[in-house]
Amino acid sequence: MGDDPPPAYGLDDAALADHPTVFAPGSLAGRTVLISGGGGGLGRATGWLMGRLGARLVLTGRDAAKLDQATTAMAERGIAAVGRVVDIREPDAVAALFAQIADDGGVDILVNSAGGQFPQAAIDFSAKGWNTVINTNLNGTWHMMQGAARLWRDAARGGSIVNIVVVTRQGLHGVAHSVAARAGVVGLSQALAVEWAPLGIRINCVAPGTIETPGWRVYTPEVIAHYPDSNPMKRAGTAWDVAEAVAYLAGDAGRYVTGEVLHVAGGSQLWGETWTIPRPAWFDPDG
């Protein structure tokens, strides 16, 4: 039993390359899409979809090997994709990324998918753990948004930003640091959707609920077993569900949509609870 391989959660490249889509071929032709966290999970799925729709991709992340694997797999299917190793927590690194993008012809769409968190009771957070999650999920997202906006302002052209916030309105319990950061991203997005509208910049968020991704490996089987109970549809969604929501908001279909949070959560924003750690005993009335 101890030698059994870990479960393979989510969609692999072969599935992402051939998964049916509601969008027409070529609907993003001529666009350049920058995806933070593009080497894995929701960012990788979004890259596959947008690349299949004709977009040129710039995928960023901190893991060069993951980026190389993603771009190589995409290139084998005729998708133009390059990887850029960037730590979005570092403003200078983000500024250098956008300087390079400007030299390469600019970008039309920014998808912020980079982020990370670890499941733990909030009362046990260390200062370092808290700050790491906030710095990645909130500050890193901000650095990318500001970099894109400055590029578009200086080039006198508009653009579209979609932030994947990985938390629904009912909360995601056991990752309070991430909930705080993502709530900040939502508030920031709504404020800037107004402030940057005269620049031709649209900003929206996609809030996934229980979505099966490789990131599920950090959770225990007991926690995962309860995930379908977090929403009235009684099932988990896929990274493709999120990717298609991002494509809608980022592309022409969403051209009159800004400042919105689109929940891709099976209705979990309206009921239920999602725990990433075992549900504390004090919630059990018989405990």
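Here is what the cut-offs are and how they apply
- Residues numbered from 1 in each chain as written.
- Predicted model: local features only at pLDDT ≥ 70, side-chain atom pairs only at ≥ 80, totals over all residues.
- Heavy atoms only, no water.
- Helix = DSSP H or I, 4+ residues; strand = E, 2+ residues; numbered from the N terminus.
- Rg over C-alpha atoms; globule rule 2.2 N^0.38 Å.
- Buried < 20%, exposed > 50% of the residue type's maximum accessible area, 1.4 Å probe, protein only.
- Contact = heavy atoms within 4.5 Å.
- Areas by Shrake-Rupley, 256 points an atom, 1.4 Å probe, with all protein chains shown as cover.
- Expected span 1.5 Å × (residues − 1).
- Phe/Tyr/Trp six-rings, centres within 6.5 Å; stacked < 30°, edge-to-face > 60°.
- Pairing = 2+ DSSP bridges.
- Axes fitted to C-alpha atoms, helices over the stretch in contact; angles between N-to-C directions.
- Polar contact = N/O pair within 3.5 Å; in protein donor to acceptor, adjacent residues only side chain to side chain.
- Salt bridge = Lys/Arg side-chain N within 4 Å of Asp/Glu carboxyl O.
- Lys, Arg positive; Asp, Glu negative; His and termini not counted.

Chemist: Hey, could you go over the overall build of the chain for me, with residue numbers and the actual values?
Modeler: Each helix and strand counted, the chain has eight helices and eleven strands in total. At 19 Å, the chain has a C-alpha radius of gyration in line with the 19 Å of a compact globule built from 287 residues. With the principal axes as the frame, the chain shows a C-alpha extent of 60 × 40 × 35 Å. With 287 residues in all, the chain has 46% of them scored as buried. A separation of at least 24 residues holds for 79% of the contacts in the chain among residues at least 6 apart in sequence. When the accessible surface of the chain is summed, it comes to about 13500 Å², and 55% of that surface belongs to carbon and sulfur atoms.

Chemist: Can you explain helix α8 (residues 239-250)? Please cite residues and give values.
Modeler: Helix length check: α8 (twelve residues) gives 16 Å between terminal C-alpha atoms against 16 Å at 1.5 Å per residue, within 8%. Most of α8 is tucked away: ten of the twelve residues are buried. Among all positions of α8, only Ala239, Trp240, Val242, Ala243, Glu244, Ala245, Val246, Ala247, Leu249 and Ala250 are buried.

Chemist: For the packing of aromatic side chains, give the residues involved together with the corresponding values.
Modeler: A complete count under the given rule lists two aromatic pairs for this structure. Arranged with centres 6.3 Å apart and planes meeting at 45°, the rings of Phe125 and Trp130 form a pair that is tilted. Classification of Phe125 by relative accessible area gives buried; the value is 16%. For Trp130, a relative accessible area of 35% corresponds to the partly exposed category.

Chemist: I'd like a rundown of the sheet that holds strand β10 (residues 261-264), residues and numbers included.
Modeler: Spatially, β3-β2-β1-β4-β5-β7-β10 is the arrangement adopted by the seven strands of the open sheet, whose pairing is parallel. The open sheet has two edge strands with one neighbour each: β3 (81-85) and β10. Across this sheet, the average inter-strand angle for adjacent strands is 20°, counted without regard to direction. Here strand β1 (residues 32-36) runs beside strand β4 (residues 109-112); their pairing, made up of four bridges, is parallel. Within β4, the residue paired with Val33 across the bridge is Ile109. Packed on one face of the sheet, helix α2 (residues 41-52) meets β1, β2 (56-61), β4, β5 (159-164) and β7 (201-208) and runs near 170° to β1.

Chemist: Give a description of the environment of Asp87 that names residues and reports values.
Modeler: Relative to the elements of secondary structure, Asp87 occurs in the loop between β3 and α4 (91-103). When neighbours within four sequence positions are excluded, Asp87 is seen to be in contact with Arg62, Ala93 and Val94. Among the polar contacts listed, one links the side chain of Asp87 to the side chain of Arg89, at a separation of 3.0 Å.

Chemist: Requested: an account of the pattern of salt bridges, with residues and values cited.
Modeler: Scanning the entire structure with this criterion turns up seven salt bridges. Across the pair Arg44 and Asp13 runs a salt bridge, and its minimum N-O distance is 2.7 Å. Of this pair, Arg44 sits in helix α2 while Asp13 sits in helix α1 (residues 13-18), placing them 31 residues apart in sequence. Given the relative accessible area of 12%, Arg44 is considered buried. The class for Asp13 is partly exposed, based on a relative accessible area of 22%.

Chemist: Residues and numbers for α2, please.
Modeler: Taking 1.5 Å of rise per residue, the twelve residues of α2 would be expected to cover 16 Å, and the 17 Å separating its terminal C-alpha atoms lies within 8% of that figure. For α2, the buried fraction is high: ten of the twelve residues fall into the buried class. Where α2 is concerned, the buried positions are Leu42, Gly43, Arg44, Ala45, Thr46, Gly47, Trp48, Leu49, Met50 and Gly51. Just downstream of α2 lies Gly54, where phi reads positive at about 110°.

Chemist: An account of the side chain of Arg202 is requested, with residue identities and associated values reported.
Modeler: Note that Arg202 resides in strand β7. Buried Arg202, no salt bridge; nearest opposite-charge side chain is Asp252, N-O distance 6.6 Å. With residues near it in sequence (within four places) discarded, Arg202 still touches Gly159, Ser160, Ile161, Leu249, Ala250, Gly251, Gly254, Arg255, Val257 and Thr258.

Chemist: Kindly report on the environment of Cys205, identifying the contributing residues and their values.
Modeler: Within the element layout of this structure, Cys205 appears in strand β7. The sequence separation of Cys205 and Ala73 amounts to 132 residues, and the corresponding C-alpha distance is 28 Å. Those residues in contact with Cys205 that lie beyond four places of it in its chain are Asn163, Val165, Val185, Val186, Ser189, Leu249, Glu260, Val261 and Leu262.

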